[in-house]
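Examining the three-dimensional arrangement
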Amino acid sequence: GAVVSQHPSRVICKSGTSVKIECRSLDFQATTMFWYRQFPKKSLMLMATSNEGSKATYEQGVEKDKFLINHASLTLSTLTVTSAHPEDSSFYICSARDWGSSNQPQHFGDGTRLSIL
Amino acid sequence: AQKITQTQPGMFVQEKEAVTLDCTYDTSDQSYGLFWYKQPSSGEMIFLIYQGSYDEQNATEGRYSLNFQKARKSANLVISASQLGDSAMYFCAMSDSGSARQLTFGSGTQLTVLP
C-alpha cells in the first residue's frame, strides 16, 4: 500500500530555532500534500495544502511566514516552523494522496511531535 | 462548507462485542467521500474504510463496516468482535469534490475496549 514517511518523529529545541519537517511519499507520486496540526485530544486542523511546483494554499489564520511550505518534487514536501516559540509546540502530521483514483484515501505520515522549550 | 459531527467523545465496549461509532455530516456537494481513520496513542493515522456518496452498498473491510444512510447524512462505523488493540481515537472525515480532495475531520471518538 501507499506509504508516507515523515521525519523527524520528535523534536525538542530552544525557542527561536527554526525546525524543518519532511514528508515523503515513498511509492507513489503526490502532486498535492497536506499539512495538519493537532493539539492533545483534539481533531486534526488543516494548516495548508502543498502543491508541487507552486505556492502552498494556507488556511485562514495560519501564518505563511511562520510556517513555510516547500513542495519541490512529486515525492517531497517540507514544513519549516520559523523562529519557533513554545506556543508552536504541537503534533504536526502530513498526508498525501495517490492521484491514480479519486477514491484513494489520504495516507498519513507518522507525525512529528514538536516541543519548544 | 462541509461539517462532520461526532457526538460521542468517548465509548466503552467489552472485548469481542460490536460497537457503533456515530458520524453525521453536512455538505452541499453531490459528490463526496466519507472516510474513517484510527489514531492510536502513538499518533499515526490509519485508514480504515471509505464510502463514496454514489456507492449504493455499504462499505466493508474485514471487521469494519460503514453504515451509510444518505438521507440521514450519517456514516456510522461498526466494529465487530472488538479487540483490545482497537482502543484508539477514531475520526470520521469527508472529502470535498474539489481537485485536491481536502479532508474535513470530526472531533473524534475515543474508544476503549475492556477485557
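Our subject is the structure that appears above.
Here's what I pulled together on the structure shown here. Remember, it's a predicted structure, so these values are computed and weren't measured experimentally.

**Let's talk about the state of the cysteines**
For the structure on display, the rule yields two disulfides over all chains. The side chain of Cys 23 of chain A participates in a disulfide bridge whose partner is Cys 94 of chain A; the two sulfur atoms lie 2.0 Å from each other. Looking along the S-S bond of the Cys 23 of chain A-Cys 94 of chain A disulfide, the torsion reads about 85 degrees, which is the right-handed sense. Of this pair, Cys 23 of chain A sits in strand β3 (residues 19-25) while Cys 94 of chain A sits in strand β9 (residues 90-96), placing them 71 residues apart in sequence. Between the sulfur atoms of Cys 23 of chain B and its disulfide partner Cys 92 of chain B the distance amounts to 2.0 Å. Linking Cys 23 of chain B and Cys 92 of chain B, the disulfide has an S-S dihedral of approximately -65 degrees and is accordingly described as left-handed. Here Cys 23 of chain B, found in the loop between β3 (19-21) and β4 (24-26), pairs with Cys 92 of chain B, found in strand β10 (residues 88-95); they are 69 residues apart in sequence, far enough to count as distant. Side by side, Cys 23 of chain B and Cys 92 of chain B carry an identical accessibility label, which is buried.

**A closer look at empty space enclosed by the protein**
Overall, the coordinates contain one cavity of 30 Å³ or more when judged by the stated rule. If you go around the largest cavity, you meet 10 residues; those closest to its centre are Arg 97 and Gln 104 of chain A together with Phe 35, Ser 95 and Arg 101 of chain B. When grouped by side-chain class, the residues that make up the lining of the largest cavity number four nonpolar, four polar and two charged.

**Looking at the side chain of Lys 38 of chain B**
All names here are of chain B. Relative to the helices and strands, Lys 38 is located in strand β5 (residues 33-39). The buried charged residue Lys 38 lacks any salt bridge, with Asp 86 as its nearest oppositely charged partner at 4.2 Å. Within the structure, the side chain of Lys 38 is placed 2.8 Å from the backbone oxygen of Gly 85, a separation counted as a polar contact. Setting aside anything within four residues of it in sequence, one finds Lys 38 in contact with Glu 44, Met 45, Ile 46, Leu 48, Tyr 64, Gly 85, Asp 86, Ala 88, Met 89 and Tyr 90.

**Here's the deal with the pattern of salt bridges**
Residue and element names in this part refer to chain B. A complete count under the given rule lists four salt bridges over all chains for this structure. Residue Asp 26 is joined to Lys 73 by a salt bridge in which the shortest nitrogen-to-oxygen separation is 3.4 Å. You can see Asp 26 sitting in strand β4 and its partner Lys 73 sitting in the loop between β8 (64-69) and β9 (74-79), a full 47 residues away along the chain. Of the charged contacts in the structure, one is a salt bridge between Asp 86 and Arg 63, with a shortest N-O distance of 2.8 Å. Of the two residues, Asp 86 sits in the loop between β9 and β10 while Arg 63 sits in the loop between β7 (60-61) and β8, which places them 23 residues apart along the sequence. Since its relative accessible area comes to 2%, Asp 86 is described here as buried.

**Observations regarding the interface of chain B and chain A**
Contacts between the two partners involve 20 residues from chain B and, on the opposite side, 23 residues from chain A. In total, chain B and chain A occlude about 1600 Å² of area from one another, counting both sides; carbon and sulfur atoms represent 56% of this. Taken as a group, Met 45, Arg 101 and Gln 102 of chain B account for 27% of the area that chain B buries against chain A, more than any other trio of residues on that side. Remark: the boundary between chain B and chain A carries zero salt bridges. The tally of links between chain B and chain A comes to five residue pairs in polar contact (both at pLDDT 80 or more). Elements with a contribution of two residues or more to the side of chain B that touches chain A: β5, β6 (46-52), β10 and β11 (103-105) of chain B. For the side of chain B that touches chain A, the leading source of residues is β5 of chain B, giving three residues. Its residues assigned to classes, the side of chain B that touches chain A comprises 10 nonpolar, eight polar and two charged.

About the criteria used
- Residues numbered from 1 in each chain as written.
- Chains lettered and ligands numbered in written order.
- Predicted model: local features only at pLDDT ≥ 70, side-chain atom pairs only at ≥ 80, totals over all residues.
- Heavy atoms only, no water.
- Disulfide = S-S within 2.5 Å.
- Helix = DSSP H or I, 4+ residues; strand = E, 2+ residues; numbered from the N terminus.
- Buried < 20%, exposed > 50% of the residue type's maximum accessible area, 1.4 Å probe, protein only.
- 1 Å grid on protein atoms, 1.4 Å probe; cavity = no way out; pocket = protein on both sides within 12 Å on 5 of 7 lines; lining within 4 Å.
- Points joined across faces, edges and corners; volume = space filled by probe spheres on them.
- Nonpolar A, V, L, I, M, F, W, Y, C, P; charged D, E, K, R; others polar.
- Lys, Arg positive; Asp, Glu negative; His and termini not counted.
- Salt bridge = Lys/Arg side-chain N within 4 Å of Asp/Glu carboxyl O.
- Polar contact = N/O pair within 3.5 Å; in protein donor to acceptor, adjacent residues only side chain to side chain.
- Contact = heavy atoms within 4.5 Å.
- Buried area = accessible area lost by both parts, 1.4 Å probe.

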